[in-house]
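Spelled out, the chains give:
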Amino acid sequence: MTGKNSDKPVLLSGGNPQIAKGYGDGPVKAYIAAMPGWKSDVGRRLDALIEEIVPDVYKAVKWNSPLYGIEGGGWFLSYHCFAKYIKLSFFRGTSLDPVPPVASRTAETRYLHIHEGEALDEDLLAGWIRQASRLPGERM
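Predicted model, so just to flag it, every value in this text is computed and none were measured.

(A) Region of the structure containing the pairing of strand β4 (residues 74–81). Among the eight residues that make up β4, seven are buried, leaving the element largely enclosed by the rest of the structure. Sheet topology places strand β3 (residues 65–70) next to β4; four bridges connect them, and they run antiparallel. Paired with Tyr68 across the bridge in β4 is Leu77. Here β3 folds back onto β4, and the loop between the two strands holds three residues, one of which, Gly72, carries a positive phi near 80 degrees. One ladder, built from five bridges, connects β4 with strand β5 (residues 85–90); its direction is antiparallel. Of the residues in β5, the one forming a bridge with Cys81 is Ile86.

What follows is the structure in structure tokens.
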């Protein structure tokens with residue numbers, strides 16, 4: 001969705017882009033382009049890293065968040081913008097080694113919060129992405 005006088009997507013509370021539900025690379029790229037400030041650069045890097053590690057990754061935007069999965073196998077990862085950070089969600093996070101640091105109300109889900117100015121530990125992220133893509137995905 002766009003604002004009345006703009007072609008840019010509306011930013012919801014916390015600065016999360018409001019992007020129409022859709023499947024494939026297009027909606028995800030639109031979400032990333034609409035991520036505010038420093039978050040867009042991080043979104044581009046996350047997307048590229050996921051594509052490098054999981055070349056056949058299946059993408060979608062649902063609930064104003066990009067989802068990454070294996071077609072027919074469910075979703076393994078998502079992210080969402082908040083005012084001060086990006087929340088990277090691993091739906092089977094308790095099965096990853098090491099376990100991502102932030103707990104969830106959902107038993108198996110774990111999060112990584114990425115804040116402005118923090119260097120991404122790409123080796124750690126790559127390990128988590130690789131492991132997560134091999135686990136049974138979440139059906140949504």
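(B) Expanded view of the pairing of strand β7 (residues 110–115). Pairing analysis gives six bridges linking β5 to β7, with the strands arranged antiparallel. Bridged to Lys87 within β7 is His113. Bridging between strand β6 (residues 102–103) and β7 involves two bridges; their strand directions are antiparallel. Paired with Val102 across the bridge in β7 is Tyr111. Once β6 ends, the chain turns through six residues before running back antiparallel as β7.

(C) Representation of the nonpolar core. By size, the foremost hydrophobic cluster in this structure holds 31 residues, and its most contacted members are Tyr68, Phe76, Leu77, Tyr79, Leu88 and Ile129. The leading source of residues in this core is helix α2 (residues 38–53), at six residues. Excluding residues that lie within four positions of it along the chain, Leu88 makes contacts with Leu46, Leu77, Ser78, Tyr79, Arg110, Tyr111, Leu112, Ile114 and Leu125.

(D) Representation of the confidence of the model for the chain. Averaged over the chain, the pLDDT score is 92; the fraction of residues at 70 or greater is 95%. Within the model, pLDDT remains below 50 along residues 1–5, and this stretch shows 11 contacts once partners closer than five positions in the same chain are excluded.

(E) Looking closely at the sheet that holds β6. Taking strand neighbours across the sheet as the criterion, the seven strands line up as β1-β2-β3-β4-β5-β7-β6 in an open arrangement whose pairing is antiparallel. The sheet is open, and its two borders are formed by β1 (22–23) and β6, each paired with just one other strand. Strands β1, β2 (58–62), β3 and β4 of the sheet are contacted by helix α1 (residues 25–34), whose axis makes an angle of about 55 degrees with β2.

(F) Spotlight on the layout of surface pockets. The volume enclosed by the largest pocket comes to roughly 300 Å³. In terms of lining residues, the largest pocket is bounded by 16 residues, among which Ser78, Ser89, Phe91, Tyr111 and Met140 are the most central. Put simply, the parts of the chain that give the lining of the largest pocket at least two residues each are β3, β4 and β5. It is β4 that provides the largest number of residues to the lining of the largest pocket, a total of three residues. In terms of residue class, the lining of the largest pocket is built from seven nonpolar, six polar and three charged.

(G) Local environment of unusual backbone geometry. Cis rather than trans, the peptide bond between Asp97 and Pro98 has omega equal to -5 degrees. Within the fold, Pro98 resides in the loop between β5 and β6. With phi around 55 degrees, Trp63 is a residue other than glycine that occupies positive phi space. If you check the backbone angles, Asn64 has positive phi at about 60 degrees while not being a glycine. Residue placement: Asn64 occurs in the loop between β2 and β3.

What counts, and where the lines are drawn
- Residues numbered from 1 in each chain as written.
- Predicted model: local features only at pLDDT ≥ 70, side-chain atom pairs only at ≥ 80, totals over all residues.
- Heavy atoms only, no water.
- Buried < 20%, exposed > 50% of the residue type's maximum accessible area, 1.4 Å probe, protein only.
- Helix = DSSP H or I, 4+ residues; strand = E, 2+ residues; numbered from the N terminus.
- Pairing = 2+ DSSP bridges.
- Core = buried A, V, L, I, M, F, W, Y, C linked by side-chain atoms within 4.5 Å.
- Contact = heavy atoms within 4.5 Å.
- pLDDT = per-residue confidence, 0-100.
- Axes fitted to C-alpha atoms, helices over the stretch in contact; angles between N-to-C directions.
- 1 Å grid on protein atoms, 1.4 Å probe; cavity = no way out; pocket = protein on both sides within 12 Å on 5 of 7 lines; lining within 4 Å.
- Points joined across faces, edges and corners; volume = space filled by probe spheres on them.
- Nonpolar A, V, L, I, M, F, W, Y, C, P; charged D, E, K, R; others polar.

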